[in-house]
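This is what each chain is made of:
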Amino acid sequence: MNPRTVIGAVLAVVLLVNVAIGEMRMALALLPLHVALGAIAFVASVAYAYIGRKFRPALALGALLSVLTGLQGALGLTMLLFHVEDAVETLHRFNGSATFLIGLVGGILVGRAARRAEGR
């Protein structure tokens, strides 16, 4: 199995679980897990970009997901340190859901483009 596919699947599962935790409003109760999953998502997105560096669509998707997960972490840290909720929480939740959907759809499209480029 292609390493990019494995990392993409891990990334999708981690983002899905993290979004589910956030949408159930259990992020504070499960804060260590939520933070750990976010860190794993960031590392996986950087790894996805690094492994896919020879295939531009994979590199672009990995870079975009790295930026989005980094922004997600910054928003979450802002909420924790400054105890702001309303607007930042809304941005944090929207960004998490958008990151998951972009990663899912982007991963599928990158996989199809890779197969097409190989001539299958």
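Report on the accompanying structure. (Residues numbered from 1 in each chain as written. Predicted model: local features only at pLDDT ≥ 70, side-chain atom pairs only at ≥ 80, totals over all residues. Heavy atoms only, no water.)

## Some words on the packing of helix α3 (residues 56-82) against helix α4 (residues 86-118)
At a minimum axis distance of 9 Å, the contact between α3 and α4 shows a crossing angle of 165°. Viewed along their axes, α3 and α4 adopt a mutual orientation that is roughly antiparallel. The handedness of the crossing between α3 and α4 is left-handed. Of the residues assigned to the contact of α3 with α4, the class counts are 13 nonpolar, 11 polar and 1 charged. (Axes fitted to C-alpha atoms, helices over the stretch in contact; angles between N-to-C directions. Helix = DSSP H or I, 4+ residues; strand = E, 2+ residues; numbered from the N terminus. Parallel < 35°, antiparallel > 145°, perpendicular 65-115°, else oblique. Left-handed = near helix turned anticlockwise from the far one by under 90°. Nonpolar A, V, L, I, M, F, W, Y, C, P; charged D, E, K, R; others polar.)

## Considering the side chain of His92
Within the fold, His92 resides in helix α4. Apart from the residues within four sequence positions on either side, His92 is in contact with His34, Gln72, Leu75, Gly76 and Met79. (Contact = heavy atoms within 4.5 Å.)

## Quick word on the environment of Gly22
As for its position among the elements, Gly22 is in helix α1 (residues 3-23). What makes Gly22 buried here is its relative accessible area of 19%. Distance in space between the C-alpha atoms of Gly22 and Ala87 is 15 Å, their sequence separation being 65 residues. In this view, Gly22 contacts His34 and Arg93; residues no more than four positions away in its chain are not counted. (Buried < 20%, exposed > 50% of the residue type's maximum accessible area, 1.4 Å probe, protein only.)

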